[in-house]
Amino acid sequence: MTKLLLSAALALLPPLLAASSSSEDFDYYYLVQQWPGAYCGTKQGCCFPDTGKPAEDFGIHGLWPQYTVCRRDASDAAAADFDIVSATRKRDWPSLSCKNTAMDFWSHEWEKHGTCSGFDQHGYFQQSLARKARHNLTAILPCAGIVPSDGATYHLSSVRDAIREATGFEVTVECNRGASGRRVGQLYQVYLCVARDWSVLINCPEPVNRQCTDKIKFPAF
Ligand code: AMP
């Protein structure tokens, strides 16, 4: 009898888990932007200079709904049709890796994150690009005297303050280590947090600092 009840309960499990993949279930979005100088300036490196120099601008890594599980199905894969690609998307959401083309990178982001974002494929890219343009990190940081440089280091707090003053909200900052592996972190990715209804930014929940030291580099490239 107990065995019967257990198997009945287990039979109910897949639909319950599947329900958590619904776009209704996430809490907020991360819009993750990446500094090419930090992506390229690591041991792994990037495709530059083979594929031309990336724009001296933060590029989008992805728009990631939080606390949901995206499950790609055949119809999502079929929808991965990137025939109409704007110049803006090529510039603002570049693949920096030699291992994957921009198409590969976009497909990966759409399939892993976009399919449970609540946006259709066109909306996923359009809305991400529009949000990036609205909160222009590449303009915000120099206004606070934080400019790409090989020599300078900046207080992590001044990077965070600059973005908070400009946007009104706390962001999450992620650092990585340069090719030399030195201890000082470099500004790698900035995560803006966007409300679930997409209307406004919100304060990013903890942790707001990922692998950053108190002083960090903002590497030129
Ligand atoms: P995700 O799965 O969305 O966390 O993205 C991680 C994957 O994206 C890894 O395979 C990375 O190597 C790749 N990736 C991250 N940034 C870039 C970029 N700018 N260009 C190409 N691939 C990237």
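Per an unreviewed UniProt entry, the chain carries the name Ribonuclease 1 and comes from Dichanthelium oligosanthes. Under Sequence similarities (unreviewed entry), UniProt gives the following word-for-word description of the chain: "Belongs to the RNase T2 family."

### Comments concerning the overall build of the chain
Within the chain, the regular secondary structure consists of eight helices and eight strands. Taking all 221 residues of the chain together, the buried fraction comes to 46%. Long-range pairs, those at least 24 residues apart, make up 75% of the contacts in the chain between residues at least 6 apart in sequence.

### Some thoughts on the site of the ligand
Near the ligand you find 14 residues, and of these Q34, H108, E109, K112 and H113 are the closest. Note that a nitrogen atom of the ligand is positioned 2.8 Å from one of the backbone N or O atoms of L96. Here H108 contributes a side-chain N or O atom positioned 2.6 Å from an oxygen atom of the ligand. Notes on the ligand: free accessible area 500 Å², of which the protein chains cover 75%. Mapped by element, the contributors of at least two residues to the shell around the ligand are β2 (59-65) and α5 (102-112). Ranked by residue count, the leading element in the shell around the ligand is α5, at four residues. Looking at the shell around the ligand residue by residue, the classes come out as five nonpolar, seven polar and two charged.

### Topic: the UniProt feature "active site" (unreviewed entry) in the chain
In the numbering adopted here, UniProt assigns the feature "active site" (unreviewed entry) to H61, E109 and H113. For this annotated set, covering 53 residues, all C-alpha atoms fall within 11.0 Å of each other, a compact arrangement in space. Taking the relative accessible area as the measure of exposure, H61 reaches 15% and is therefore buried. Beyond its immediate sequence surroundings of up to four residues, H61 is in contact with V32, Q33, Q34, W93, F105, E109 and Q189. Locating E109 in the fold gives a position in helix α5.

### Examining the pairing of strand β5 (residues 185-195)
Each regular strand shows side chains that alternate between the opposite faces of the sheet. Among the 11 residues of β5, 11 are classified as buried, and the element is accordingly described as predominantly covered. Two elements, strand β1 (residues 28-34) and β5, share seven bridges in a ladder whose sense is antiparallel. Paired with Q33 across the strands is V190, a residue of β5. Both strand β4 (residues 172-177) and β5 contribute to a ladder of six bridges, which runs antiparallel.

### Comments concerning helix α6 (residues 121-134)
Under the 1.5 Å per step criterion, the end-to-end length of α6 is 20 Å for 14 residues, consistent within 8% with the ideal 20 Å. Considered for burial, the residues of α6 that qualify are Q121, G123, Y124, F125, S128, L129, R131 and K132. Buried residues along α6 sit against β1, β2, α4 (87-92), α5, β5 and β6 (201-202).

### Digging into the pattern of salt bridges
Under the criterion given, the structure shown has seven salt bridges. A salt bridge links D57 to K132, with the nearest nitrogen and oxygen atoms 3.2 Å apart. Here D57 is found in the loop between α2 (36-40) and β2, whereas its partner K132 is found in helix α6, with 75 residues between them in sequence. With respect to class, D57 is no different from K132; both count as buried. In this structure, the salt-bridge partner of R164 is E170, at a minimum N-O distance of 2.9 Å. Salt bridges here are not isolated pairs; linked through shared partners, they connect D57, R91, D92 and K132.

### Comments concerning the packing of α5 against α6
Where α5 contacts α6, the two axes come as close as 11 Å, and the packing angle between them is 105°. By the angle class used here, α5 and α6 are roughly perpendicular. Residue-level inspection shows W106, E109 and W110 of α5 in contact with α6, the latter providing Q121, Y124 and F125.

### A short note on the nonpolar core
Judged by nonpolar contacts, the single largest core of 43 residues is most densely connected at F58, L141, I163, L187 and F218. Counting residues per element, this core draws most heavily on β5, which supplies five residues. Leave out the neighbours within four places in its chain, and I163 touches L137, I140, L141, G168, F169, V171 and V190. Listed in part, the eight residues of the second largest apolar core include Y28, V32, Y191 and C204.

Here is what the cut-offs are and how they apply
- Residues numbered from 1 in each chain as written.
- Predicted model: local features only at pLDDT ≥ 70, side-chain atom pairs only at ≥ 80, totals over all residues.
- Heavy atoms only, no water.
- UniProt positions renumbered as here; feature names shortened; annotations may be inferred.
- Helix = DSSP H or I, 4+ residues; strand = E, 2+ residues; numbered from the N terminus.
- Buried < 20%, exposed > 50% of the residue type's maximum accessible area, 1.4 Å probe, protein only.
- Contact = heavy atoms within 4.5 Å.
- Near = heavy atom within 4 Å.
- Polar contact = N/O pair within 3.5 Å; in protein donor to acceptor, adjacent residues only side chain to side chain.
- Areas by Shrake-Rupley, 256 points an atom, 1.4 Å probe, with all protein chains shown as cover.
- Nonpolar A, V, L, I, M, F, W, Y, C, P; charged D, E, K, R; others polar.
- Pairing = 2+ DSSP bridges.
- Expected span 1.5 Å × (residues − 1).
- Salt bridge = Lys/Arg side-chain N within 4 Å of Asp/Glu carboxyl O.
- Axes fitted to C-alpha atoms, helices over the stretch in contact; angles between N-to-C directions.
- Parallel < 35°, antiparallel > 145°, perpendicular 65-115°, else oblique.
- Core = buried A, V, L, I, M, F, W, Y, C linked by side-chain atoms within 4.5 Å.

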